[in-house]
Each structure stands twice: as C-alpha cells, then as structure tokens.
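# Structural description and commentary
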Amino acid sequence: MMVKCSIFEKLSNFSDFNFGVINFDKPTFEEKSNGATFHSNAEKLLFVQSNEQNCPYFMMGILKDGCDNPEEMQSNYVVETLFAPYNVRNIFNGQKVAIPTQILIIGDNMEKIVATAREKLALINQYKSIVAEYNIPNNIDIYGDYLATLTREDNESETKLIRKR
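Let us look at the structure shown here. (Residues numbered from 1 in each chain as written. Predicted model: local features only at pLDDT ≥ 70, side-chain atom pairs only at ≥ 80, totals over all residues. Heavy atoms only, no water.)

The biggest cluster of nonpolar side chains holds 19 residues, and the ones touching the most others in it are Ile 22, Leu 45, Phe 47, Met 59, Ile 91 and Phe 92. Ranked by residues supplied to this core, first place goes to helix α5 (residues 117-134) with four residues. In contact with Met 59, other than residues within four places in its own chain, are Ile 7, Leu 11, Ile 22, Leu 45, Leu 46, Phe 47, Thr 81, Leu 82, Phe 83, Pro 85, Ile 91 and Phe 92. Core analysis: the next-biggest nonpolar cluster, separate from the first, contains 15 residues, Val 21, Phe 58, Ile 62 and Ile 113 among them. (Core = buried A, V, L, I, M, F, W, Y, C linked by side-chain atoms within 4.5 Å. Buried < 20%, exposed > 50% of the residue type's maximum accessible area, 1.4 Å probe, protein only. Helix = DSSP H or I, 4+ residues; strand = E, 2+ residues; numbered from the N terminus. Contact = heavy atoms within 4.5 Å.)

To continue, consider the side chain of Gln 95. Here Gln 95 lies in the loop between α4 (88-92) and β5 (96-98). Taking relative accessible area as the criterion, Gln 95 reaches 1% and is therefore assigned buried. Within the local environment of Gln 95, its side chain forms a polar contact with the backbone nitrogen of Asp 25, the two atoms lying 2.7 Å apart. Filtering out sequence-adjacent residues up to four positions away, Gln 95 remains in contact with Ile 22, Asn 23, Phe 24, Asp 25, Thr 28, Phe 29, Tyr 127 and Asn 139. (Polar contact = N/O pair within 3.5 Å; in protein donor to acceptor, adjacent residues only side chain to side chain.)

What follows is about the pattern of salt bridges. All told, the structure shown has two salt bridges when counted by the stated rule. The salt bridge partner of Lys 120 is Asp 145, with a shortest N-O separation of 2.7 Å. Of the two residues, Lys 120 is situated in helix α5 and Asp 145 in helix α6 (residues 143-164); the sequence distance between them amounts to 25 residues. Under the relative-accessibility criterion, Lys 120 is labelled buried at 11%. (Salt bridge = Lys/Arg side-chain N within 4 Å of Asp/Glu carboxyl O.)

This is the structure in structure tokens:
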C-alpha cells in the first residue's frame, strides 16, 4: 500500500508536466513481452520517473469512467491501477507514447494549463533515453502537439495581421 501512495504522490501534480502517456494496447503488450499478461483494463498509462533503482518508473493506469451518460464517457477517466514495473521494456515496447501538451482543470471555473516548450522537450528527451536504454523502437506520437502549435501560431499571425489593418 505504501508503494501505491508514493506513486500517487509522485503523479498527483499534473500541472508540472513531469509525466508521459502510453496509449496502452494490451494485445501489443502480450505479443512484445512473449506472452506475459497484464492484469488491468487500463487504456492509458501515465508514467513518471521514480528515482528508484529497481523500478525506474511509476505508472498510473486509467480508463474511461463507466458512467451512464455517453457524452461524459468521452472525457472522464478514472484511476484503475498504480504500479511500479520491474520490466520497463515490456511496458513501453510497441506502445504509442504521447507527450501531454495541456491540462483542463474543471471546477467552478475551467482552467487550461499549457505545457511550455521546455517541459515538452524534457519529456521527449526522457522518452528518447527510454528508447535507447531498453533498445525499443521510437513510437512517440507528437502529431497532436504539432497541430496545436501550428494552430496557435496561425491564430497569432492572424491577430497580428488584423492589428496592422
């Protein structure tokens, strides 16, 4: 139980953008890990460095909330599991990894926190070191971030154009 508390504390401040996201595919895991089983239904794994020798990453498995409202199911995720894997290679091998670019905090007011370029680069470099250390293919998906960056730059240039008129 103490390990799970440590994992949750390490992952709990998402606004620091110190975590990556694995879009987890259980069949890919089982294929790439020579038939090992994964006893979770998590669709996404959030990972963060643990600074532990035996388990260098903490993971939080999340899945869509099983509520009755289909509209809410598209956006609500709940924590399903917390773990510290010994065989990190099996978890990452063949999985699509994404870098979080923004977080929406929904309370009385909705707040959007956007990752800085420095935070994104740190996560990309962390993933590059995972790829090198465990000798796995690079499977990072930065399409969403690239699209967001282009959209933001386009809006900024459009705003500058309007101001000049």
